[in-house]
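Residues per chain are reported as follows:
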Amino acid sequence: MSIDRSEPDSTWALVADVGGTNIRLALASDECFRHQKTWLCSKFETINDALKAYVESIDSGSTPSRASIAVAGPVTGDLVDITNQSWSFSIEQLRDDLELETLVVVNDFTAQAAAILRLDPKDTQVLKEGKAADHATIAVLGPGTGLGVGGLVYSSRGWSPLSTEGGHASLAATNAREWAVVENLTERFGRVSQVRVLSGPGLVNLYQALCQIDGVSPNEVTPGEIVQRSGEDPLSTETVRMFSGWLGCMSGDLAVTLGALGGVYIGGGVLPRMGDKFDREYFVERFLHKGRYRDYLKPVPVLLVINTEIAHLGLAALIQQS
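Residues numbered from 1 in each chain as written. Predicted model: local features only at pLDDT ≥ 70, side-chain atom pairs only at ≥ 80, totals over all residues. Heavy atoms only, no water.

1. Remarks on unusual backbone geometry
Peptide bonds are trans in most cases, and residues, glycine excluded, mostly fall at negative phi.
Here is step 1: A positive phi is found at His 35, a non-glycine position, where the angle reads about 55°.
Here is step 2: Relative to the helices and strands, His 35 resides in strand 4 (residues 32–40).
Here is step 3: Its identity as a non-glycine residue notwithstanding, His 135 has a phi of 60°, on the positive side.
Here is step 4: As for its position among the elements, His 135 is in the loop between strand 9 (124–128) and strand 10 (138–143). (Helix = DSSP H or I, 4+ residues; strand = E, 2+ residues; numbered from the N terminus.)

2. Overview of the pairing of strand 4
On a regular strand, each side chain points to the face opposite its neighbour's, so the side chains alternate between the two faces of the sheet.
Here is step 1: By the bridge criterion, 7 bridges tie strand 3 (residues 22–29) to strand 4 in an arrangement that is antiparallel. Bridge pairing in strand 4 places Asn 22 opposite Leu 40.
Here is step 2: The hairpin turn running from strand 3 into strand 4, its antiparallel successor, is 2 residues long, and Asp 30 in that turn takes a positive phi close to 55°. (Pairing = 2+ DSSP bridges.)

3. Overview of the nonpolar core
A general tendency of soluble globular proteins is for nonpolar side chains to be buried together.
Here is step 1: Formed by 48 residues in total, the largest nonpolar core has its most connected members in Phe 243, Trp 246, Leu 247, Val 264, Ile 266 and Leu 271.
Here is step 2: Here this core takes 9 residues from helix 7 (residues 234–258), the largest share from any one element.
Here is step 3: In this structure, Ile 266 is in contact with Leu 127, Leu 141, Gly 142, Pro 143, Leu 247, Ser 251, Leu 271, Phe 283, Val 302, Leu 303, Leu 304 and Val 305, ignoring residues within four places of it in sequence.
Here is step 4: One finds Ala 50, Tyr 54, Ile 58 and Val 71 within the second-largest nonpolar core, a separate group that totals 29 residues. (Core = buried A, V, L, I, M, F, W, Y, C linked by side-chain atoms within 4.5 Å. Buried < 20%, exposed > 50% of the residue type's maximum accessible area, 1.4 Å probe, protein only. Contact = heavy atoms within 4.5 Å.)

4. Details of the packing of helix 4 (residues 176–189) against helix 5 (residues 200–213)
Here is step 1: Contact geometry for helix 4 and helix 5: axes closest at 9 Å, N-to-C directions at 105°. In terms of their interaxial angle, helix 4 and helix 5 are classed as roughly perpendicular. Along its contact with helix 4, which presents Arg 177, Ala 180, Val 181, Asn 184, Leu 185, Arg 188 and Phe 189, the element helix 5 presents Asn 205, Leu 206, Gln 208, Ala 209, Leu 210, Gln 212 and Ile 213.
Here is step 2: A class-by-class count of the residues in the contact of helix 4 with helix 5 yields 8 nonpolar, 4 polar and 2 charged. (Axes fitted to C-alpha atoms, helices over the stretch in contact; angles between N-to-C directions. Parallel < 35°, antiparallel > 145°, perpendicular 65-115°, else oblique. Nonpolar A, V, L, I, M, F, W, Y, C, P; charged D, E, K, R; others polar.)

5. Structural notes on a nonpolar patch on the surface
Here is step 1: A cluster of nonpolar residues, Leu 117, Tyr 154 and Trp 159, forms a patch on the protein surface that exposes about 280 Å² of accessible area.
Here is step 2: Tracing the backbone shows Tyr 154 in strand 11 (residues 147–155).
Here is step 3: When its relative accessible area of 34% is taken as the criterion, Tyr 154 is described as partly exposed. (Patch = residues over 30% accessible without salt bridge, like charges linked within 9 Å, V, L, I, M, F, W, Y side chains within 5 Å. Areas by Shrake-Rupley, 256 points an atom, 1.4 Å probe, with all protein chains shown as cover. Salt bridge = Lys/Arg side-chain N within 4 Å of Asp/Glu carboxyl O.)

6. Let's talk about the side chain of Asn 307
Here is step 1: Counting through the fold element by element, Asn 307 comes out in the loop between strand 14 (302–305) and helix 11 (310–321).
Here is step 2: A polar contact of 2.8 Å, which involves the side chain of Asn 307, links it to the backbone nitrogen of Glu 309.
Here is step 3: The contact partners of Asn 307, leaving out residues within four places of it in the chain, are Leu 119, Asp 123 and Leu 313. (Polar contact = N/O pair within 3.5 Å; in protein donor to acceptor, adjacent residues only side chain to side chain.)

7. Topic: the sheet that holds strand 12 (residues 158–163)
Here is step 1: If you trace the 6 strands from one edge of the open sheet to the other, you get 9-14-13-10-11-12, paired in mixed fashion. Of all strands in the sheet, those with a lone pairing partner are strand 9 and strand 12, marking the two edges. Here the strands of the sheet are splayed against their neighbours by 25° on average, with no regard to which way each runs.
Here is step 2: In the sheet, strand 10 pairs with strand 11 via 6 bridges, with the strands oriented antiparallel. Bridging across to strand 11, Ala 139 finds its partner in Gly 151.
Here is step 3: On top of the sheet, helix 9 (residues 280–288) reaches strand 9, strand 13 (264–266) and strand 14; it is set at about 60° to strand 9, its chief contact.

See the structure below:
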């Protein structure tokens, strides 16, 4: 990915990555980007307002006629509701409001999946060594404000990104301590999906559950504070280790489910912020803990995506294909 300082022309498209917290915007032409901005979603009442403000902020006087938007939520029709925040919108109405010729709207991890083959080696870090099988399915997931899940599938027509809501699958426990956490969170939420633990807010849920199980009054903490105290405070340390193991378990489940012998790519904002506190060894141990299918997963590489603009790369690819 490169940043282009030239003035945009008709080849440039508006790309926007809309998460539960931030909206990241840019003008894209192939793999070049300019006029990049990140705004809090809470600054705007609607996505229409945010996109109009961005277009008005462009100094070139050239309004983009094409746009590609990734949203943290399912895209199943004209009406889109964004998970973990209040925005909802009509795709057709948004196209009309922005006077666009082309508007592509996809799930955020569909966009991330579309970017995988465009990543450079410097865009990733190895969590588990392995050798990807040629043309094999690739799994993509990432804990952030929520938990995104997608994939990349090869056919005779080439590579196609896969859209899923796998982060809302039920959380599976594999030992007594995890069962106690699931039971605690079930009392609180009624049903425990993977995102209840494997996300930024999920870290807090997990910490509070462990506190309650051990009879400790949970403090008001942020995900960053839990990570920072890991290695010093026992319950924070256990929270980060349990998170690492559960993410490994879920990643291995996803690899088995999709047949992802092409590799597993983990994005999202949580792991890069954890740094060395993330328990990579326990992650790999739980990733491979699949009984008779341990050998099936041994060759599968797992990579952490550290390129924060991965969604923009995917959106640029998708708008080219539209």
